[in-house]
Amino acid sequence: MSNDCFRLKGSVLTTFILELHDDSDEFGQQLKNKVDATPEFFQQSPVIIDCSKLDPTTTDINYSDIVSVCRDNGLQPIAFKYHPDLDLSAVKPTKLAVIEHNSKQTDKAPAENPLLPANDHSPKIINKPVRSGQQIYAKDRDLIVIGSVSGGAEVLADGNIHVYGSLRGRALAGVTGNHKARIFCSSNEAELVSITGHFLVSHSHDTATWKKPAQFYLEDDTLHVVSL
Amino acid sequence: MAKIIVVTSGKGGVGKTTTSAAIGTGLALTGKKTVIIDFDVGLRNLDLIMGCERRVVYDFVNVLNNEANLSQTLIKDKRVNNLFVLPASQTRDKDSLTLEGVERVLNELAETFDYIICDSPAGIEKGAQMALYFADEAIIVTNPEVSSVRDSDRILGILQSKSRHAENGAMVKEHLLITRYNPARVADGEMLSVSDVEEILAIPLIGVIPESESVLKASNQGVPVIHDEESDAGNAYIDAVKRLLGEEVDFRFLTAPKKGILKRLIGA
Ligand SMILES: Nc1ncnc2c1ncn2[C@@H]1O[C@H](COP(=O)(O)OP(=O)(O)OP(=O)(O)O)[C@@H](O)[C@H]1O
Ligand SMILES: [Mg+2]
């Protein structure tokens, strides 16, 4: 606890990525429908607006409108992800940060992902409960939690996540794009579960697995939950 | 070897100071030389509950700033031998607390005391982190409701990552104390039960203190509730002190007193 005015710390922040496919007038209504379905979940969530999938030849995209639509729906846009061919000057007035789209990283096919299963990436093992406010990230590997993950805690892994206690907080597997990543827990009471950004929040869960041993996996871009 | 015990909760107003006063007094009553430190700089509450507010001359911050020494500052309890209070200052600002300063004071106290009880301020910021940093053990004070349990969970995370023991790869011994427990409201589903709280926090239970009017009466009189032999809360604290010292004691006051048949008939 020194007297320095600040300290720079590394951190991993979970945000939503809003991947725009079409800058049409329906965007506002569609976003509203999505947010209305689980309003408290999206409350003031930071979001990155990904424009890299938009047709780079379009010139008349109104970025300020996109930002207002997000704000009107209770999201907090923090940055634009853009395609290198897209005209940047139009983004400037929104004063949001811009992140260059890294095509290598996101377009990686899961089969080519060398990380799973891998012999030289032994899992990260946590021997105690993960408490509210804590965040644990297993980079390039699986995560094993021997205790419970509390409500308000967050566990992330590039690989699979195993929780041998109750999963009450948030679990995000395959965060760098491994679609084969799975999440296992002894008691499913999760606030949120996500695999490569496909997520389920607690009240949208299949109630049959609630408070029971469960497994989450992706199939056809949909997140499934089944009893173990 | 002195044991340093922090009484902490995250959430405010759950009963930390009441508990520090009761447990500290209880330990002293068993013959252990005990000091209770008020870490709530700027508020000052412990001295009121201990009934020694008129005898405060110097305070914790004076000692930290080398403006007074410990023997000038420690207040000896009027009722119990071996019991002392290190009061907080009401006026000075919290920035006087530094890890180096606190460590120096704790080391000096550790030479003569068996138990050092640190009454933490609310929150999870600097003040609370300062109070828990040097702890060997922690009493986590929790009310049986969701927000209090969530905050206790957070403080447990901080305890096992940002304390001296944690930084040296060791554990701080954890004790759960549930207070303001109202069995009738638990039965009606308005409050979490003891087992609900235990299941979420997953640490050993050291005491369950019932919600009791005797606590308010005790603080108004400046007599820690553990002195009140008639009081259920006082007796529950006596049990908690025994468990802290390693004794096995059955839990009391977990169920609502049964209504007599007549009362039930007339619906009272
Ligand atoms: N078992 C109990 N039954 C009834 N009232 C209680 C009980 N325990 C504490 N209280 C009351 O709750 C209030 C807060 O208690 P206390 O000051 O001990 O909490 P605290 O956690 O130290 O608060 P702060 O965070 O402000 O330091 C007081 O009015 C006290 O009388
Ligand atoms: Mg207090």
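No experiment lies behind these values; they were computed from the predicted model shown. (Residues numbered from 1 in each chain as written. Chains lettered and ligands numbered in written order. Predicted model: local features only at pLDDT ≥ 70, side-chain atom pairs only at ≥ 80, totals over all residues. Heavy atoms only, no water.)

Talk me through the overall build of chain A; I want residue IDs and the actual numbers.
Of regular secondary structure, chain A possesses 4 helices and 15 strands. For chain A, the residues scored as buried account for 42% of the 228 residues in total. (Helix = DSSP H or I, 4+ residues; strand = E, 2+ residues; numbered from the N terminus. Buried < 20%, exposed > 50% of the residue type's maximum accessible area, 1.4 Å probe, protein only.)

Run through the interface of chain A and chain B, naming residues and quoting values.
Listed per partner, the contact involves 11 residues of chain A and 16 residues of chain B. Summed over both partners, the interface of chain A with chain B comes to about 1,100 Å²; 46% of that surface belongs to carbon and sulfur atoms. The interface formed by chain A and chain B contains 3 salt bridges. Across the pair Glu 199 of chain B and Arg 168 of chain A runs a salt bridge, and its minimum N-O distance is 3.3 Å. Across the contact surface, chain A and chain B share 9 residue pairs in polar contact (both at pLDDT 80 or more). Tallied by class, residues from the side of chain A that touches chain B come to 1 nonpolar, 6 polar and 4 charged. (Contact = heavy atoms within 4.5 Å. Buried area = accessible area lost by both parts, 1.4 Å probe. Salt bridge = Lys/Arg side-chain N within 4 Å of Asp/Glu carboxyl O. Polar contact = N/O pair within 3.5 Å; in protein donor to acceptor, adjacent residues only side chain to side chain. Nonpolar A, V, L, I, M, F, W, Y, C, P; charged D, E, K, R; others polar.)

Can you break down the nonpolar core residue by residue, with the values?
All names here are of chain B. With 51 residues, the main nonpolar core has Phe 39, Phe 60, Leu 86, Val 102, Leu 109 and Ile 116 as its most contacted residues. Filtering out sequence-adjacent residues up to four positions away, Ile 116 remains in contact with Ala 2, Lys 3, Ile 4, Ile 5, Val 35, Ile 37, Leu 106, Leu 109 and Ala 110. Listed in part, the 34 residues of the second largest apolar core include Ala 22, Ile 49, Ile 139 and Ile 209. (Core = buried A, V, L, I, M, F, W, Y, C linked by side-chain atoms within 4.5 Å.)

How would you explain the packing of helix 1 (residues 26-37) of chain A against helix 3 (residues 63-72) of chain A if you had to name every residue and give the values?
All names here are of chain A. At a minimum axis distance of 10 Å, the contact between helix 1 and helix 3 shows a crossing angle of 25 degrees. As judged from the angle between their axes, helix 1 and helix 3 are roughly parallel. Helix 3 is crossed by helix 1, and the crossing has right-handed handedness. On helix 3, the residues touching Phe 27, Gly 28 and Leu 31 of helix 1 are Ile 66, Val 69 and Cys 70. Looking at side-chain class alone, the contact of helix 1 with helix 3 contains 5 nonpolar, 1 polar and no charged residues. (Axes fitted to C-alpha atoms, helices over the stretch in contact; angles between N-to-C directions. Parallel < 35°, antiparallel > 145°, perpendicular 65-115°, else oblique. Left-handed = near helix turned anticlockwise from the far one by under 90°.)

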